[in-house]
Amino acid sequence: MRRILIVLVPVWLGLAPIHADGQGSEEAFDQFLASLESARDVIVARTPEDGPERAEGLRHIIRLIEMQNAPAMDDHDAAHPHVSRCPSIVCKLGFDNPDFTYINVAPISPDYAYRVSGQRGTVPYISMQVFDNPFGGEVFMTSEDLVVDQEGRYELILSATRPEGAANWMELKPGANRFIMRNGFYDWDNEIEASVRVEVIEGPVSDSVPHLSVDEFVSDVSALSLRLSSIPMVMQDARDTWPLNGLNGPNPEVFGIEGAGVPSAVSSAGRYALEDGEAIIVETPMPDVVHGGIQIGNLWIESIDYQTRQTSLNWFQSYADDDGVIRYVLAAEDPGVPNWLDTSGHPRGGIFMRWQSPDADAIPDLPTVSVVPASEVRARLPANHPVVSPDERTAILAARYIAVNKRRNPTAQFDEVVELGADAGGGCSAGDSPPRGGWGVVALLLLWLFGPRRRPV
């Protein structure tokens, strides 16, 4: 599959500088306005006039301003990095994962050493990555390698050279500018993400962040402008390489942007286009991996509302038939099956599947994708495939809403008493019952009826 050549990377973090004279700030702001025009032109060229896809595309630009503004424009200094998180703010870009919270520590620099620490939590999977380009970086580790003490606490050092005695260390190579921790939830309502605090332990630390200068404003706005004008086209060029009503992969490079995503994952990406009365069935065996699942996205590779609609399912949430195969159904109307993925008024969109940290000899086979008449979905499934009633679906969606709101407010995750000990590895092992929490009796019954045959470990 053709890869996107990221020729923009060398200049992504800052355009050629505008001279910081009396007009420098204004010129930089004019450049920002021009970048909005450029992004708008990409949206207009790819959508019917004044339809919902165009509206979503223009909203995508506005969301990018929110997402890219903090690293580009906030009061920032590598001696005083900030901790921020998604989905507490909108971070919809490149199939943002509905199962993840993204904790960012930025800006950082190889000129400093940092201590990142906290409680490990109970989520089954955590990835940690140092970004040195807009899409990622090679310095990476997961919770499988993270050393945790008897009280469930971790301490991670970020620095240019490894300090003596550091149990957990990640190298800050030239260009390192951001640390990101991804917390992978399975049981959305009952698992607890890792907490994060950051300290600067070495480097030329100042008492406070310097006041904004004209040079800094010009540099920051130039960086923001380049991101806004480039991201929509880079993402669409990648999307154009994916098969229509099919999937590519699974492998680490299916997205089409070299270095993007979690390095330890293999993925499959595809586009879908459904006519009225059509549905798609995606079939894949229940895997033996630490995390992953399936989601659908809109034309702009954003996640579709996963709080009030079932637009994603991880392996823990997915129902496997007696033959061990998970069968997902993409459809506009509820077909009354456990693994329905609601296209939510999006007849065109994307499909993305993830398998975190599979063994080298256990890369999953390419999932099967079939376009079928919506009226024939039930006939294409095993005879004993469960039926989900409208009342049961209402309970499932109510549970999603509560769980996602809890994740938006991290302190809400600690409302229930949870033991965090040395075995704090997260979630359930194969054969264990899911932890019980606040979903309500009806939702728990549904999990028992339609949950997976077993939970991957």
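This write-up is about the structure you can find in this document. Since the structure is predicted, the reported quantities are computational estimates derived from the model, not experimental observations.

Further remarks concern the sheet that holds strand β1 (residues 82–86). Here 5 strands make up an open sheet; going across it, the order is β1-β2-β8-β4-β5 and the pairing antiparallel. Whereas interior strands pair on both sides, the edge strands pair on one side only; in this sheet they are β1 and β5 (139–142). Here the average twist between neighbouring strands, direction ignored, is 15°. Two elements, β1 and strand β2 (residues 100–106), share 5 bridges in a ladder whose sense is antiparallel. From the neighbouring strand, H82 faces β2, where its bridge partner is A106.

Here we come to the packing of aromatic side chains. Describing an aromatic ring pair means giving the distance of the ring centres and the angle of the ring planes. Counted by the stated rule, this structure contains 9 aromatic pairs. Ring centres 6.3 Å apart and planes at 75° place the aromatic pair W188 and Y306 in the edge-to-face group. Of this pair, W188 sits in the loop between β8 (178–184) and β9 (197–202) while Y306 sits in the loop between β12 (291–297) and β13 (312–314), placing them 118 residues apart in sequence. Y306 carries the same exposure label as W188, and that label is buried. Each residue in the set F95, W242 and F352 is aromatic and connected to the rest through ring pairs, giving one cluster. Lying across the ring of F131, R178 places its NZ or CZ 4.1 Å from the centre.

Quick look at the nonpolar core now. Residues M128, L156, L158, M170 and F179 are the most contacted members of the largest nonpolar core, which totals 29 residues. When residues of this core are traced back to their parent elements, those giving at least two are β2, β3 (113–119), β4 (125–131), β5, β6 (153–159), β8 and α5 (390–408). Setting aside residues no more than four positions away along its own chain, F179 makes contact with I103, N104, V105, I108, V116, M128, Q129, V130, L156, L158 and M170. Ranked by size, the runner-up nonpolar core spans 24 residues in total, among them I280, V282, M286 and W315.

We now examine unusual backbone geometry. When glycine is set aside, most residues are seen to have a negative phi, and most peptide bonds are trans. Residue P107 is bonded to the preceding A106 through a cis peptide linkage, with omega at -5°. Along the chain, P107 falls in the loop between β2 and β3. At the junction of G249 and P250, the peptide bond is cis and its omega measures out at -5° in the coordinates. The residue F95 is not glycine, and still its phi comes out positive at about 55°.

So, about the state of the cysteines. Taken as a whole, this structure holds 1 disulfide when the rule is applied. With a sulfur-sulfur separation of 1.8 Å, C86 is cross-linked through a disulfide to C91. Its S-S torsion of approximately -45° makes the covalent link between C86 and C91 left-handed. Of the two residues examined, C86 and C91, each falls in the buried class.

Further remarks concern the sheet that holds β12. What the 4 strands build is an open sheet, ordered β10-β16-β12-β13; its pairing is antiparallel. Looking along the sheet, the strands with just one partner apiece sit at the ends: β10 (265–273) and β13. The average undirected angle you get between the axes of adjacent strands in this sheet is 10°. Judged from the 7 bridges that link them, β12 and strand β16 (residues 348–356) form a sheet pairing that is antiparallel. Across the sheet, the residue bridging to G292 is W355, located in β16.

On the secondary structure map, S109 appears in the loop between β2 and β3. Note on S109: relative accessible area 12%, which makes it buried. Setting aside residues up to four positions removed in sequence, S109 forms contacts with A78, Y114, L172 and A176.

Attention now moves to the packing of helix α2 (residues 24–45) against helix α4 (residues 214–239). Put simply, α2 and α4 touch, their axes get as near as 8 Å, and they point 5° apart. When the interaxial angle is binned, α2 and α4 end up roughly parallel. Along its contact with α2, which presents G24, S25, A28, F29, Q31, F32, S35, L36, S38, A39 and V42, the element α4 presents V214, F217, V218, V221, S222, L224, S225, L228, S229, P232 and M233. A class-by-class count of the residues in the contact of α2 with α4 yields 14 nonpolar, 8 polar and no charged.

Rules behind the numbers
- Residues numbered from 1 in each chain as written.
- Predicted model: local features only at pLDDT ≥ 70, side-chain atom pairs only at ≥ 80, totals over all residues.
- Heavy atoms only, no water.
- Pairing = 2+ DSSP bridges.
- Helix = DSSP H or I, 4+ residues; strand = E, 2+ residues; numbered from the N terminus.
- Axes fitted to C-alpha atoms, helices over the stretch in contact; angles between N-to-C directions.
- Phe/Tyr/Trp six-rings, centres within 6.5 Å; stacked < 30°, edge-to-face > 60°.
- Buried < 20%, exposed > 50% of the residue type's maximum accessible area, 1.4 Å probe, protein only.
- Lys NZ or Arg CZ within 6 Å of the ring centre and 35° of its normal.
- Core = buried A, V, L, I, M, F, W, Y, C linked by side-chain atoms within 4.5 Å.
- Contact = heavy atoms within 4.5 Å.
- Disulfide = S-S within 2.5 Å.
- Parallel < 35°, antiparallel > 145°, perpendicular 65-115°, else oblique.
- Nonpolar A, V, L, I, M, F, W, Y, C, P; charged D, E, K, R; others polar.

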